[in-house]
Amino acid sequence: MDNKIANTLFIPFAARIFAAEHFSEYFNDKTAIQLKSHIPQKFLKISSQYEMIASAARYHISDKKIQQFIDKNGECNIINLGAGLETVAFRIDNKNAIFYQIDLSEVIQFRQQILPPNNNEILIAASMLDTDWYAKIDKNKPTLFIANGVFMYFYEQDILNLIHNIKQNFKNAELIFDATTKFGVKCANFYVSRFGEDMAKMYFYINKLEEFATKSQTQILSSQTFFTEARQMLWHKVNFITKFNMWLVDTFNLSYIIHLDLK
Ligand SMILES: C[S@@+](CC[C@H](N)C(=O)[O-])C[C@H]1O[C@@H](n2cnc3c(N)ncnc32)[C@H](O)[C@@H]1O
């Protein structure tokens, strides 16, 4: 694809397939497994067990949070920023929620060929940094924005502008995204570079969440480490390196899922 960030979309997609095939009690995704033949082979081979689980942990956590949001709010919007080949609308097949999948037009075109939208799902070809596409959404409904594996490829000012635009236009919105520290971004850049030179670099990190909340004028609803449940559920099934890395990342708070109130 022309956009270097778009080239990264197979990395989490492969991880969801790996997790669903090996650890379905932790993360299950039948739709992703059905699409396995569309993934270039290298994406299925390069990542370690730990790296696959680290990627899948985001969806394990955000799926639960999406379900809670729907249970609490009833009819609502779930807006997935930088959706890639995310199959969340198939995993959470709930009539109350409409899932809007936002991604660049080359990605949406590719997605339409291999993954036609579910009946609770609308694909929108647009940059999440623009605002024209907001007109396609009923802004009176409670709205949850999700960004998994996306924000780190941008600069902090891009993310602050995006949050500002959402706050201006959606009066009842929340945001869930994954973030890491400066050190974590260095590690993540090394990991992604192993997939080739056509992969994008990452820039955005959060060392102090409170400072970011102040800058973005948002309220922290929660911030949770990646592997609390993975360590409970998979401890006896994963190898030593995976166990050690999960412990390390959780203990030193290197990566977390952040839930912000944008009201
Ligand atoms: C690492 S992938 C993550 C995909 C998906 N969220 C997932 O978890 O599988 C990053 C995604 O961000 C998308 N992206 C990059 N720039 C974008 C932009 N300005 N607006 C919307 N999506 C963008 C890419 O095309 C790609 O699909």
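Structure first, text after, so check above.
What you are looking at is a predicted structure, and each value in this text was computed from that prediction instead of being measured.

Chemist: So what's going on with the sheet that holds strand β2 (residues 97-103)? Residues and values would help.
Modeler: Here we have seven strands laid out as an open sheet, ordered β3-β2-β1-β4-β5-β7-β6, and mixed in their pairing. Because the sheet does not close on itself, it has two edges, and the strands there are β3 (121-125) and β6 (219-225). Each strand axis lies, on average, 20° off the axis of its neighbour in the sheet, ignoring direction. Bridging between β6 and strand β7 (residues 255-261) involves six bridges; their strand directions are antiparallel. Bridging across to β7, Gln224 finds its partner in Ile257. Lying over the sheet, helix α4 (residues 49-73) contacts β1 (76-81), β2, β4 (143-147), β5 (173-180), β6 and β7, oriented at roughly 155° with respect to β1. Set on the sheet, helix α9 (residues 209-216) makes contact with β5, β6 and β7; between it and β6 the angle comes to about 150°.

Chemist: Describe the pairing of β2, listing the residues and the values that go with them.
Modeler: The element β2 is largely enclosed, with a buried count of six among its seven residues. Here β1 pairs with β2 via six bridges, running parallel. The residue bridging Ile78 from the neighbouring strand is Phe99, located in β2. You can see the chain leave β2, run along helix α6 (residues 105-114) and come back into β3, and the turn it takes is right-handed.

Chemist: Outline the nonpolar core, supporting the account with residue identities and numerical values.
Modeler: Core analysis: the largest hydrophobic core is formed by 57 residues, its most contacted members being Leu81, Trp133, Phe151 and Phe177. Among residues more than four places away in sequence, those in contact with Phe151 are Leu81, Met128, Ile159, Leu162, Leu175, Phe177 and Phe204.

Scoring rules and cut-offs
Residues numbered from 1 in each chain as written. Predicted model: local features only at pLDDT ≥ 70, side-chain atom pairs only at ≥ 80, totals over all residues. Heavy atoms only, no water. Pairing = 2+ DSSP bridges. Helix = DSSP H or I, 4+ residues; strand = E, 2+ residues; numbered from the N terminus. Axes fitted to C-alpha atoms, helices over the stretch in contact; angles between N-to-C directions. Contact = heavy atoms within 4.5 Å. Buried < 20%, exposed > 50% of the residue type's maximum accessible area, 1.4 Å probe, protein only. Right-handed = clockwise from strand over helix to strand, strands pointing away. Core = buried A, V, L, I, M, F, W, Y, C linked by side-chain atoms within 4.5 Å.

By themselves, these figures tell us nothing about what the structure is for.
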